[in-house]
Amino acid sequence: PLLVRLRISPFSIEGRLILSLFLSAFACSVIIVLDQIEDAATGDDRRVTHKIVKNIVTGLSILVGFTWETTMDGCTEAVVSITHGHERRRLVSKLIGCFIILLVVLPAWRRYILHTVFKLMKYKKDQRAAWKLAEKLRTLDPKSQDAGWESDSSIESVAEADLTC
């Protein structure tokens, strides 16, 4: 109703931008709620809950990414549509617009997203190494079973850590 009164179409630049911002805020709030739910899970439920939350977050991130891609594409098309004349000029204008977007997005992607991915990959590698070490200690030292290594859950508590960085 508000967008209709303001005459903002979902196909306009303003409509796409509002949709992308709203969807990003919605996805962020859903992720915060899912994080709280995952933190509250205990025992065997924790592993299953983590997988479910991971799948939902992956789906939301793809949805938000495609929404922003559509918004950027629409903005580029709008700027290119100003260029009248030959088709080659329109193509060059769109290419220049893509490079400008790339110059803005790529450094932020490298600084934040890629850095976080490498951190999580190292964390996962360290987690696997800790799990293997705990298993080796359990098989090599029979006394360790008397010292609290009698169950797999105690090994899991040593090998697993919270996924926050």
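Everything discussed here concerns the structure shown above.
Quick look at the structure, then.

**Looking at the packing of helix α2 (residues 13–40) against helix α3 (residues 44–82)**
Link 1 in the chain: Closest axis-to-axis distance for the α2/α3 pair is 9 Å, and the angle between their directions is 170°. As the angle between them shows, α2 and α3 are arranged roughly antiparallel.
Link 2 in the chain: Here the residues of the contact of α2 with α3 are counted per class, giving 19 nonpolar, 8 polar and 5 charged.

**Thoughts on the pattern of salt bridges**
Link 1 in the chain: Counted by the stated rule, this structure contains 4 salt bridges.
Link 2 in the chain: Of the charged contacts, one joins Glu77 and Lys94 as a salt bridge, the two residues approaching to 2.4 Å between their closest N and O atoms. Of this pair, Glu77 sits in helix α3 while Lys94 sits in helix α4 (residues 87–140), and the two are 17 residues apart along the sequence.
Link 3 in the chain: Arg138 is paired through a salt bridge with Glu135; the nearest N and O atoms lie 3.7 Å apart. Note that Arg138 and Glu135 are positioned in helix α4 at a spacing of 3 residues, about one turn of the helix.
Link 4 in the chain: Residue classification places Arg138 among the partly exposed positions, given a relative accessible area of 25%.
Link 5 in the chain: Given the relative accessible area of 25%, Glu135 is considered partly exposed.
Link 6 in the chain: One salt-bridge network, held together by shared partners, links Asp73, Glu77 and Lys94.

**A short note on the side chain of Thr67**
Link 1 in the chain: Looking at where Thr67 falls in the secondary structure, it is placed in helix α3.
Link 2 in the chain: Every residue in contact with Thr67, bar those within four places of it in the chain, is listed here: Leu19, Ser20 and Leu23.

**Some words on the layout of surface pockets**
A probe matching the size of a water molecule, rolled over the atoms, marks out where space remains unfilled.
Link 1 in the chain: Taken as a whole, the second largest pocket holds about 170 Å³ of empty space.
Link 2 in the chain: Every element with two or more residues in the lining of the second largest pocket is listed here: α3 and α4.
Link 3 in the chain: The element contributing the most residues to the lining of the second largest pocket is α4, with 6 residues.
Link 4 in the chain: Grouping the amino acids of the lining of the second largest pocket by side-chain chemistry returns 6 nonpolar, 1 polar and 3 charged.

**Considerations on the side chain of Thr49**
Link 1 in the chain: In this fold, Thr49 is placed in helix α3.
Link 2 in the chain: With a relative accessible area of 16%, Thr49 lands in the buried category.
Link 3 in the chain: Once residues lying within four places of it in the same chain are set aside, the contact partners of Thr49 are Ile37, Glu38 and Ala41.

**Considerations on the packing of α3 against α4**
Link 1 in the chain: Running from N to C, α3 and α4 cross one another at 140°; their axes reach a closest spacing of 9 Å. Considered as vectors, α3 and α4 are oriented oblique to each other. Every pair of crossing elements has a handedness; the one defined by α3 and α4 is right-handed. Residue-level inspection shows Met72, Asp73, Thr76, Glu77, Val80 and Ser81 of α3 in contact with α4, the latter providing Arg90, Ser93, Lys94 and Ile101.

**Quick notes on α3**
Note on helix geometry: an α-helix contains 3.6 residues per turn, so any two residues three or four positions apart are oriented the same way.
Link 1 in the chain: Its 39 residues give α3 an end-to-end C-alpha distance of 58 Å, which sits within 8% of 57 Å, the value for a rise of 1.5 Å per residue.
Link 2 in the chain: Of all the positions in α3, only Thr49, Val53, Leu60, Val64, Thr67, Thr71, Gly74, Thr76 and Val80 are classed as buried.
Link 3 in the chain: Tucked inside the fold, the buried residues of α3 contact α2 and α4.

How each quantity is defined
- Within every chain, residues take consecutive numbers counted from 1 along the sequence as written.
- Confidence filtering applies because this is a predicted model: local features only for residues at pLDDT of at least 70, side-chain atom pairs given and counted only at 80 or more, and all residues used for totals across whole chains, interfaces and linings.
- Excluded from the side-chain calculation are hydrogens and water; included are all heavy atoms of the structure.
- Note on method: axes are straight lines fitted to C-alpha atoms, helices fitted across the in-contact stretch only, with angles between N-to-C directions ranging 0 to 180 degrees.
- Counting from the N terminus, the helices are DSSP H or I runs at least four residues long and the strands are E runs at least two residues long.
- For classification purposes, angles smaller than 35 degrees are called roughly parallel, those larger than 145 roughly antiparallel, those between 65 and 115 roughly perpendicular, and all remaining angles oblique.
- Three classes are used: nonpolar for Ala, Val, Leu, Ile, Met, Phe, Trp, Tyr, Cys and Pro, charged for Asp, Glu, Lys and Arg, and polar for all others, with Gly counted as polar.
- We define a salt bridge as a side-chain nitrogen of Lys or Arg found within 4 Å of a carboxyl oxygen belonging to Asp or Glu.
- When accessible area is computed with a 1.4 Å probe and restricted to protein chains, residues below 20% of their type maximum are described as buried, those above 50% as exposed, and intermediate ones as partly exposed.
- Here, two residues are considered to be in contact whenever any of their heavy atoms come within 4.5 Å of each other.
- Using only the protein atoms, space was sampled on a 1 Å grid; points where a 1.4 Å probe fits but cannot get out form cavities, open sets with protein on both sides within 12 Å along at least five of seven lines form pockets, and lining residues are those with an atom within 4 Å of a point.
- Grid points are joined across faces, edges and corners, and a volume is the space filled by probe spheres set on the points.
- By the definition used in this description, the sense in which the near helix is turned from the far one sets the handedness, with an anticlockwise turn below a right angle giving left-handed and a clockwise turn giving right-handed.
- How far a helix is expected to stretch is found by multiplying one less than its residue total by 1.5 Å.

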